[in-house]
Amino acid sequence: MDEGTLWGLVGILASAVVVLSWVPQIIRIWTTRSAEDISVGLPLLMLLGSTLWATYGIHLNDIIIVTGNIIVFLFNVLLLLLKAKYGRVLLKLSGEALQ
């Protein structure tokens, strides 16, 4: 295996790990139907960061950087949508949350 192939595999593995790191949080919000404890700041900053990384990857013509960051961008959009849907509690009465 030449050095270029090795570094390509490292890039693919790194992108896969970063992309998959969002899956447990998304699954948890989806299954519990609760996103009260999720900060909006993190996915907003990740949207900016992944946009910048994807733009950089386009500049470098690096499909690994572009693809990984587009997926991270989409996961963060999904996280914000789930936060909007399941993150608000309007009123609490007798220990029950009304949404």
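Here is what the cut-offs are and how they apply
- Residues numbered from 1 in each chain as written.
- Predicted model: local features only at pLDDT ≥ 70, side-chain atom pairs only at ≥ 80, totals over all residues.
- Heavy atoms only, no water.
- Helix = DSSP H or I, 4+ residues; strand = E, 2+ residues; numbered from the N terminus.
- Buried < 20%, exposed > 50% of the residue type's maximum accessible area, 1.4 Å probe, protein only.
- Contact = heavy atoms within 4.5 Å.
- Areas by Shrake-Rupley, 256 points an atom, 1.4 Å probe, with all protein chains shown as cover.
- Polar contact = N/O pair within 3.5 Å; in protein donor to acceptor, adjacent residues only side chain to side chain.
- 1 Å grid on protein atoms, 1.4 Å probe; cavity = no way out; pocket = protein on both sides within 12 Å on 5 of 7 lines; lining within 4 Å.
- Points joined across faces, edges and corners; volume = space filled by probe spheres on them.
- Nonpolar A, V, L, I, M, F, W, Y, C, P; charged D, E, K, R; others polar.
- pLDDT = per-residue confidence, 0-100.

Draft legend 1. Examining the overall build of the protein chain more closely. A count of helices and strands for the protein chain gives four helices and two strands. In the protein chain, the succession of α and β elements from N to C terminus is α-α-α-α-β-β. Taking all 99 residues of the protein chain together, 22% fall into the buried category. Sequence separation of at least 24 residues holds for 67% of the intrachain contacts in the protein chain that already meet a minimum separation of 6. A total of about 7,100 Å² of accessible surface is found on the protein chain, and carbon and sulfur atoms cover 70% of it.

Draft legend 2. Main features of the side chain of asparagine 69. With respect to the helices, strands and loops of the structure, asparagine 69 is situated in helix α4 (residues 63-86). Using a relative accessible area of 15% as the deciding quantity, one classes asparagine 69 as buried. Aside from chain neighbours lying at most four places away, what touches asparagine 69 is Ser50, Trp53 and Ala54.

Draft legend 3. Local environment of the side chain of asparagine 76. Tracing the chain through its elements places asparagine 76 in helix α4. Within the local environment of asparagine 76, its side chain forms a polar contact with the backbone oxygen of valine 72, the two atoms lying 2.8 Å apart.

Draft legend 4. Quick peek at the environment of leucine 82. Take leucine 82: it is sitting in helix α4. For leucine 82, a relative accessible area of 4% gives the class buried. For leucine 82, the contacting residues outside a window of four places in its chain are Ile26, Ile29, Trp30, Ala35 and Gly87.

Draft legend 5. Just the layout of surface pockets, in detail. Its boundaries defined by the atoms lining it, the largest pocket holds a volume of some 260 Å³. Ser15, Val18, Trp53, Ile65 and Asn69 are, among the 15 residues lining the largest pocket, the residues nearest its centre. Going through the elements one at a time, α1 (3-20), α3 (41-60) and α4 are the ones with two or more residues in the lining of the largest pocket. Residues of the lining of the largest pocket, tallied by class, amount to eight nonpolar, six polar and one charged.

Draft legend 6. Region of the structure containing the confidence of the model for the protein chain. Residues at a pLDDT of 70 or more form 88% of the protein chain, whose mean pLDDT is 88. Counting interchain partners and residues more than four positions distant, the pLDDT-below-50 stretch residues 90-94 has eight contacts.

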